Amino acid sequence: MNKYSICFSFLILLMNSLLLSQTDSQSDSVESKNIYLSMTFEGGKLDYFHNIQMNTKLFNMLQVESAIGLNITKTYFQSTFSPQLNLGIGYDLLQKHENFMLAPSIKGRTTRYKLNEDVRINYLESLIGYSLLWGDQWFVVHGAYFGRGTEYINSNYFIGLPL
């Protein structure tokens, strides 16, 4: 693993330990501002991600989420630093229920990793789906998304070659 992978992994582990060691008074102050921090796991065909996610509710109906995480397969097993950033927004259909939330939502996601010193691959995805949340103080969340993505490659191979 390179130095970026180690630093980023340490940051995620530190955030996980802070989330798990919160006292009731700290979690109450976070909940009173309608900001929730969570750890998430996302899986796809080939990649698995571990994320730190922040959710907030705007105007008692819009659910906004943002997350930062690591590609588990590429970072830990292939020694390639591969971060992921997510941003999404959804509409809470069950506004009257405090312990349930069903939110159809759209999400944008970007992932990047280095193939070698000269080539970097970037993925951009736009997804549509839903999140189902249940709980009072501890929450269980299920979400399913599908969408379209694009891939582009940054390469330094053609820089400085004569025409």
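As a reminder, the structure under discussion sits directly above these lines.
Residues numbered from 1 in each chain as written. Predicted model: local features only at pLDDT ≥ 70, side-chain atom pairs only at ≥ 80, totals over all residues. Heavy atoms only, no water.

**Student:** How should the overall build of the protein chain be read in this particular structure?
**Tutor:** For the protein chain, the helix and strand inventory stands at three helices and seven strands. Taken from N to C terminus, the helices and strands of the protein chain fall in the order α-α-β-β-β-α-β-β-β-β. The burial tally for the protein chain puts 29% of its 163 residues in the buried class. Taking all contacts inside the protein chain whose residues are at least 6 apart in sequence as the whole, residues at least 24 apart take part in 44%. Counting every atom, the protein chain has about 11,100 Å² of accessible surface; 64% of that belongs to carbon and sulfur. (Helix = DSSP H or I, 4+ residues; strand = E, 2+ residues; numbered from the N terminus. Buried < 20%, exposed > 50% of the residue type's maximum accessible area, 1.4 Å probe, protein only. Contact = heavy atoms within 4.5 Å. Areas by Shrake-Rupley, 256 points an atom, 1.4 Å probe, with all protein chains shown as cover.)

**Student:** Explain the pattern of salt bridges to me, please; I cannot follow it from the model alone.
**Tutor:** Proximity of charged atoms lets side chains of opposite charge pair with each other. As enumerated under the stated definition, the model contains six salt bridges in all. Ionic pairing is found between E42 and K107, a salt bridge with its closest N-O pair at 3.9 Å. Linking E42 in strand β1 (residues 35-43) with K107 in strand β5 (residues 100-114), this pair joins segments that are 65 residues apart in sequence. Neither residue differs from the other here; E42 and K107 are each classed as buried. When the shortest N-O distance is used, the salt bridge between D47 and K74 registers 3.1 Å. Here D47 is found in the loop between β1 and β2 (48-58), whereas its partner K74 is found in helix α3 (residues 72-77), with 27 residues between them in sequence. Accessibility expressed as a relative area gives 11% for K74, which makes it buried. (Salt bridge = Lys/Arg side-chain N within 4 Å of Asp/Glu carboxyl O.)

**Student:** For this particular structure, what's the right way to read the packing of aromatic side chains?
**Tutor:** The description of an aromatic ring pair uses the distance of the two centres, along with the angle that the planes make with each other. Within the structure shown, the criterion is met by two aromatic pairs. On the numbers, 6.0 Å between centres and 10° between planes, the contact of F41 with Y48 is stacked. A residue is classified by how much of its surface remains accessible, and Y48, at 35% relative accessible area, is partly exposed. Ring geometry for Y113 against Y123: centres 6.3 Å apart, planes inclined by 25°, an arrangement best described as stacked. Of this pair, Y113 sits in strand β5 while Y123 sits in strand β6 (residues 119-135); the two residues are ten residues apart in sequence, bridging distant segments of the chain. (Phe/Tyr/Trp six-rings, centres within 6.5 Å; stacked < 30°, edge-to-face > 60°.)

**Student:** Is there a simple way to think about the pairing of strand β3 (residues 62-71) in this case?
**Tutor:** Looking along a regular strand, one sees side chains alternate from face to face of the sheet. Counting buried positions along β3 yields seven of ten residues, so the element is predominantly enclosed. Pairing of β2 with β3 involves ten bridges; the strand directions are antiparallel. Bridge pairing in β3 places K57 opposite Q63. Hairpin geometry of β2 and β3 is characterised by an intervening segment of three residues between the two adjacent antiparallel strands and by a positive phi of about 55° at F59. Note: β3 against strand β4 (residues 83-91), nine bridges, orientation antiparallel. Looking at the pairing, G69 lines up with Q84 of β4. (Pairing = 2+ DSSP bridges.)

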